[in-house]
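Secondary and tertiary structure notes
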Amino acid sequence: MSKPATQQWGSRLGVILAVAGSAVGLGNFLRFPGNAAENGGGAFMIPYFLALLFLGIPIGWAEWTMGRYGGRKGFHGAPAILGVWCKGPIGRYLGVLGVLIPLGVYFYYVLIESWCLYYVVQYLGGGIGIDAKAPIDAQVAATRSFFDQVTGTQANGSLLANGGHPIVWTFLITAALNIWFVFRGLSKGIETVCKYAMPVMAVLGLVILVRVLTLTPPEGTTGQTVADGLGFLWNPQFEKLTNFKTWLAAAGQIFFSLSVGFGVIINYASYMKKQDDVVLSGLTASATNEFFEVALGGLITITASVVFVGIALTMQGTGGSMSLGFKTLPMVFAQMPGGNFFGAAFFLILFLAAITSSLSMLQPTKAFLEESLGVGRGASTAIVTAWGLVGNCFVLWHSRNLVALNTIDFWVGTFFILVVALVQIVAFGWIFGVDRGLEQAHLGANMRIPGMFRTVIKYVAPLYLLVVLIGFCTNNVPNELESLFGEGDDAADARKTWVLLLATIFAIAAITWVGAKRWRAQGLDLDGQHPAAD
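The following refers to the structure shown.

Parameters at a glance
- Residues numbered from 1 in each chain as written.
- Predicted model: local features only at pLDDT ≥ 70, side-chain atom pairs only at ≥ 80, totals over all residues.
- Heavy atoms only, no water.
- Helix = DSSP H or I, 4+ residues; strand = E, 2+ residues; numbered from the N terminus.
- Rg over C-alpha atoms; globule rule 2.2 N^0.38 Å.
- Buried < 20%, exposed > 50% of the residue type's maximum accessible area, 1.4 Å probe, protein only.
- Contact = heavy atoms within 4.5 Å.
- Areas by Shrake-Rupley, 256 points an atom, 1.4 Å probe, with all protein chains shown as cover.
- Axes fitted to C-alpha atoms, helices over the stretch in contact; angles between N-to-C directions.
- Parallel < 35°, antiparallel > 145°, perpendicular 65-115°, else oblique.
- Nonpolar A, V, L, I, M, F, W, Y, C, P; charged D, E, K, R; others polar.
- Salt bridge = Lys/Arg side-chain N within 4 Å of Asp/Glu carboxyl O.
- Core = buried A, V, L, I, M, F, W, Y, C linked by side-chain atoms within 4.5 Å.
- Phe/Tyr/Trp six-rings, centres within 6.5 Å; stacked < 30°, edge-to-face > 60°.
- Lys NZ or Arg CZ within 6 Å of the ring centre and 35° of its normal.
- Expected span 1.5 Å × (residues − 1).
- Patch = residues over 30% accessible without salt bridge, like charges linked within 9 Å, V, L, I, M, F, W, Y side chains within 5 Å.
- Left-handed = near helix turned anticlockwise from the far one by under 90°.

Okay, the overall build of the chain next. Across its full length, the chain carries 21 helices and 0 strands. What you see for the chain is a C-alpha radius of gyration of 22 Å, in line with the 24 Å of a compact globule of 534 residues. Each of the three principal axes of the chain carries a C-alpha extent, and together these read 70 × 55 × 45 Å. In the chain, which comprises 534 residues, the proportion classed as buried is 61%. Pairs at least 24 apart in sequence give 84% of the contacts found in the chain among residues at least 6 apart. Accessible surface, the chain: about 18700 Å² in total, of which carbon and sulfur atoms supply 64%.

Structure below.
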């Protein structure tokens, strides 16, 4: 086999931190608070925790088990591993999405990562130019103007015009860091970064959380307190539960946040040994993610926003997964004593969270190239980073109204994740067999999956996910298709983005076909006809 078969994690803690690092990202600190605020605060938390219990955790266990079992057969990429679990080429080619998702999300994720680093630099240099004494309308205009300049929403190519915006240099630094650490491999690269970045994020997050929980409403604000912010997050507005979009948002948040169906866990777990515990490891990684998402991301962002700008403006400040963090919180930091320090610390947390996630997005494609084409680490790193940079530059150039970014996020970062998760849970529970699957999960396990989850994995999770997928197609897809096939510049940019995505899908499928021929020639069990030999 090719070189990735010899790679291993340095420790069990390392793989847990790496998977948690993949999960802990911008979704925890930007997407979760925005979704929670937009969908009624406490009302959102009910379907959120139900989705965690009946979708996120059981499908996560399935994905950890599938990855480790595939690794025992000599495979590390989603196409090969899903081919084994689905017992044939249909699963193998559906597994193409398991390579597309992390790579496609990487196309835009590095750009957002570079925004976070740029905000850190600006806050360390004195802030982003918000006058705390100005009227709220003026502060809103200032934060949005700064964000629009950083993201280039005015026109395509605006970030490169007139010598280029400084954010371009921040992007180059961010891209270079990702390339370097991915090249260093699992143990010396990704694992090392996560071992240091995760504790730093936790410490900084706790410092900011303590500061937020001791805030007093300044003069001239709404007068709402920390208790009002906590109440908004935890006291449900039950009428919101009748809105199906709340349930869709909660399920989508769980999948994006936990990296379930993302193609990362299945790759990371493939480097684990037969007796390495996947049950406790999966649960620990999920718990770590929930701590960062709910205890830090939600409590910091929503509570601080309510104290300084009130519940109404907090809910109005959503309008997308990034708005609350990039457009509302800067107003909070402008009014907070020591605001520049806390602003720099907050966006440093975002940057560290983002880089631990973006590193994980290149690794599955790198492993896929190595096992499919038989190339070494240097060649695979060169190919995947060049591929990623093409996508990065496409999104960087097509910045008008963030159409390219939002198009990839909708289809690749949301819709295809649901599809892959459904394929995985059906393969685990029905094609491979839930009892055989649980038997594999329990190899080397320090804790057993509770018996109730047999029913959840076989019946509840697939049905729940199917309802979510149908609801998503009914509620969200028509508007996206209308925008895609409409008239105007934004529609044209969306179609160009789909050309990029289709070219990527075709290339991954072609490489999968080449890989299948190689694996069969090597005598590997790519259709899952025999038990693992070890």
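Anyway, onward from the coordinates.
Before going further, it helps to spend a moment on the packing of helix α3 (residues 42-72) against helix α17 (residues 403-431). At a minimum axis separation of 10 Å, α3 and α17 run at an interaxial angle of 70 degrees. As far as their axial angle goes, α17 and α3 are roughly perpendicular. Within the contact between the two elements, α3 uses Ile59, Ala62, Glu63, Thr65 and Met66 and α17 uses Ala421, Gln424, Ile425, Ala427 and Phe428. For the contact of α3 with α17, the class distribution of residues is 7 nonpolar, 2 polar and 1 charged.

Our focus in this paragraph is the pattern of salt bridges. For the structure on display, the rule yields 10 salt bridges. A salt bridge links Asp490 to Arg400, with the shortest nitrogen-to-oxygen separation between them at 4.0 Å. Separated by 90 residues along the polypeptide, Asp490 in helix α21 (residues 489-521) and Arg400 in the loop between α16 (377-397) and α17 bring together distant segments of the chain. Look at Asp490 and you get partly exposed, because its relative accessible area is 33%. Note that Asp527 and Arg520 form a salt bridge whose closest N and O atoms lie 3.5 Å from each other.

Here the focus is the nonpolar core. In this structure, Leu55, Trp85, Trp115, Tyr119, Phe255, Phe326 and Phe347 are the most contacted members of the largest nonpolar core, which totals 181 residues. With 21 residues, the single largest contributor to this core is helix α6 (residues 96-124). When residues no more than four places from it in sequence are discounted, the contact partners of Phe255 are Leu55, Ile59, Val260, Ile417, Leu418, Ala421 and Leu465.

A few words on the packing of aromatic side chains. Counted under the stated rule, the structure contains 32 aromatic pairs. Relative to Phe147, the ring of Trp115 lies with its centre 5.6 Å away and its plane at 80 degrees, an arrangement referred to as edge-to-face. With a gap of 32 residues between them, Trp115 in helix α6 and Phe147 in helix α7 (residues 136-151) connect regions that are remote in the sequence. Comparing Trp115 with Phe147, the two get one shared label, buried. Taking NZ or CZ as reference, Lys458 lies 5.8 Å from the ring centre of Tyr459, over its face.

Before going further, it helps to spend a moment on α3. Its 31 residues give α3 an end-to-end C-alpha distance of 43 Å, which sits within 8% of 45 Å, the value for a rise of 1.5 Å per residue. Among the 31 residues of α3, 26 are classified as buried, and the element is accordingly described as predominantly covered. Following α3 by one or two positions, Gly74 has its phi on the positive side, about 95 degrees.

Next up on the list: the side chain of His398. Mapped onto the elements, His398 comes out in the loop between α16 and α17. The contact partners of His398, leaving out residues within four places of it in the chain, are Asn156, Ala404, Asp493 and Lys496.

This part is about a nonpolar patch on the surface. Together, Tyr93, Leu373, Ile383, Trp513 and Val514 make up a nonpolar patch on the protein surface, roughly 420 Å² of accessible area in all. Summarising the element assignment, Leu373 is placed in helix α15 (residues 339-373).

The residue Asn162 is not glycine, and still its phi comes out positive at about 55 degrees. With respect to the element layout, Asn162 can be found in the loop between α7 and α8 (167-183). We classify Asn162 as exposed; its relative accessible area is 83%. Of note in the backbone geometry, Leu402 takes a positive phi value of approximately 55 degrees without being a glycine. Note that Leu402 resides in the loop between α16 and α17. By relative accessible area, Leu402 is classed as buried at 10%.

The next subject is the environment of Gly56. For Gly56, the location among the structural elements is in helix α3. With 203 residues separating them in the primary sequence, Gly56 and Ser259 have C-alpha atoms 9.0 Å apart. Those residues in contact with Gly56 that lie beyond four places of it in its chain are Ala51, Ile254, Leu258 and Val260.

Put simply, α3 and helix α19 (residues 452-475) touch, their axes get as near as 9 Å, and they point 115 degrees apart. Comparing the axis directions of α3 and α19 gives the class roughly perpendicular. In the packing of α3 onto α19, the handedness of the crossing is left-handed. Residue-level inspection shows Pro47, Leu50, Ala51, Leu53, Phe54, Leu55, Pro58, Ile59 and Trp61 of α3 in contact with α19, the latter providing Met452, Phe453, Val456, Ile457, Val460, Ala461, Tyr464 and Leu465. Partitioning the contact of α3 with α19 into residue classes produces 17 nonpolar, no polar and no charged.

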